[in-house]
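# Structural characterization, general
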Amino acid sequence: MSYLLFFIATVLAGTINALAGGGGLITFPLLMLVVTPVTADATSAVALFFAYPAAVWRTRDQLAGVLGRGWLWLLLIPSVLGGLIGAVLLSRTGNRNFIQLVPWLVLVATISIVLRPMLVRRDESGSVHPDITVALWPVAIAGIFLVGLYGGYFGSGIGILMIGALSFISRGDIRHVVALKNFLTLCMRGAAILVLVLEGDVNWNYGVPMAIGGLIGGYAGGTISHHANRTVVRSTVVAIGFAASAYYFWKLYGPAVIRAGAE
């Protein structure tokens, strides 16, 4: 029965990812109830990964003129490299150290969703292309690398953070920016998941049914994306995110404060 509940939850999370982003804020806290923190993060990543190929396929027309461009490698390489290093750090961190970062990571992911309307406000014509000077390319590459590092290490809210980074690099139509985000995130998360699988951090008992649920949810979200109230969906995810971060902050610091007060 528990596997069925996790499957249903991941269908919901995959749908939310397609509509507003932040589905990981549902799957990760849920998995934390049954497995260790590192395993929860790795299994959540696998559960929601399979929505990315579908997203790239749905937005492939917006990538026309992007694939094959030399400047794309300046974004792709640091993104994938960041994902690989982030996944290695997650696998080697250990549950004790990772749990101390969990409330902060959940909080960052939630805040990124709150800021999403500002990060995706541009809606201009023309295909995506870099619009920064050569001198600023090192800054752009470093920014993409840090986003990839976060995505490989934690991942919830990664799509929104990637949109924010790309929006500062390009002034293209937001649809093209989102398409490029889908492609970079697919490559980055794919590299990270490969590391997590090889390191044995994924719980496949939950991962397999949840991956199927994520795929179904991603397809469903893409189907109803033009009809759903995205404000309601995003508000729900934000409420879950803040509640989860508050809960983890309490678990991490609350008992210590009580003990200190008792002394």
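Preceding this section is the structure that the text describes.
Overview of the structure. Since the model is a prediction, treat every value here as computed from it, not as a measurement.

### Considerations on the overall build of the chain
A tally of helices and strands in the chain yields 12 helices and zero strands. Reading the chain from its N terminus to its C terminus gives the helix and strand order α-α-α-α-α-α-α-α-α-α-α-α. The proportion of buried residues among the 263 residues of the chain is 50%. Within the chain, contacts between residues at least 6 apart in sequence are counted, and of these 84% link residues at least 24 apart. Accessible surface, the chain: about 12500 Å² in total, of which carbon and sulfur atoms supply 68%.

### Quick word on the nonpolar core
Membership of the largest hydrophobic core comes to 55 residues, with the highest contact counts inside it found for Phe28, Leu75, Phe98, Val106, Phe154, Leu166 and Leu184. Of the residues forming this core, the biggest block, 11 residues, is contributed by helix H10 (residues 174-198). In contact with Val106, not counting residues within four places along its chain, are Leu25, Phe28, Phe154, Gly241, Ala244, Ser245 and Tyr248.

### Some words on the environment of Thr223
Of note, Thr223 is situated in helix H11 (residues 204-224). Judged by relative accessible area, which is 46%, Thr223 ranks as partly exposed. Sequence separation between Thr223 and Thr15 is 208 residues, and the spatial gap between their C-alpha atoms is 9.4 Å.

### Description of a nonpolar patch on the surface
There is a patch of nonpolar side chains on the surface, built from Val197, Trp204, Val208, Ile212 and Ile216 and spanning about 420 Å² of accessible area. Ranked by residue count, the leading element in the nonpolar patch is H11, at four residues. Position of Ile216 among the secondary structure elements: in helix H11. Note on Ile216: relative accessible area 41%, which makes it partly exposed.

### A look at the packing of helix H2 (residues 24-32) against helix H3 (residues 37-49)
At a closest axis distance of 8 Å, the pairing of H2 and H3 adopts a crossing angle of 140°. By the angle class used here, H2 and H3 are oblique. The crossing of H2 and H3 is right-handed. Note on element contacts: H3 touches H2 through Pro37, Ala40, Asp41, Thr43, Ser44 and Leu48, opposite Gly24, Thr27, Phe28, Leu31 and Met32. When grouped by side-chain class, the residues that make up the contact of H2 with H3 number six nonpolar, four polar and one charged.

### Brief notes about the environment of Tyr248
Relative to the elements of secondary structure, Tyr248 occurs in helix H12 (residues 230-262). Sequence-wise, Tyr248 and Leu101 are 147 residues apart; in three dimensions their C-alpha atoms are separated by 9.5 Å. Those residues in contact with Tyr248 that sit more than four places away from it in its chain are Phe28, Pro29, Met32, Val102, Pro103 and Val106.

### Quick look at the side chain of Thr39
Residue position: Thr39 is located in helix H3. Take Thr39: its relative accessible area is 17%, and that puts it in the buried class. For Thr39, the side chain forms a polar contact with the side chain of Thr36, separated by 3.0 Å. Leave out the neighbours within four places in its chain, and Thr39 touches Asp201, Val202 and Asn203.

What counts as what
- Residues numbered from 1 in each chain as written.
- Predicted model: local features only at pLDDT ≥ 70, side-chain atom pairs only at ≥ 80, totals over all residues.
- Heavy atoms only, no water.
- Helix = DSSP H or I, 4+ residues; strand = E, 2+ residues; numbered from the N terminus.
- Buried < 20%, exposed > 50% of the residue type's maximum accessible area, 1.4 Å probe, protein only.
- Contact = heavy atoms within 4.5 Å.
- Areas by Shrake-Rupley, 256 points an atom, 1.4 Å probe, with all protein chains shown as cover.
- Core = buried A, V, L, I, M, F, W, Y, C linked by side-chain atoms within 4.5 Å.
- Patch = residues over 30% accessible without salt bridge, like charges linked within 9 Å, V, L, I, M, F, W, Y side chains within 5 Å.
- Salt bridge = Lys/Arg side-chain N within 4 Å of Asp/Glu carboxyl O.
- Axes fitted to C-alpha atoms, helices over the stretch in contact; angles between N-to-C directions.
- Parallel < 35°, antiparallel > 145°, perpendicular 65-115°, else oblique.
- Left-handed = near helix turned anticlockwise from the far one by under 90°.
- Nonpolar A, V, L, I, M, F, W, Y, C, P; charged D, E, K, R; others polar.
- Polar contact = N/O pair within 3.5 Å; in protein donor to acceptor, adjacent residues only side chain to side chain.

That is the geometry; function is a separate question.
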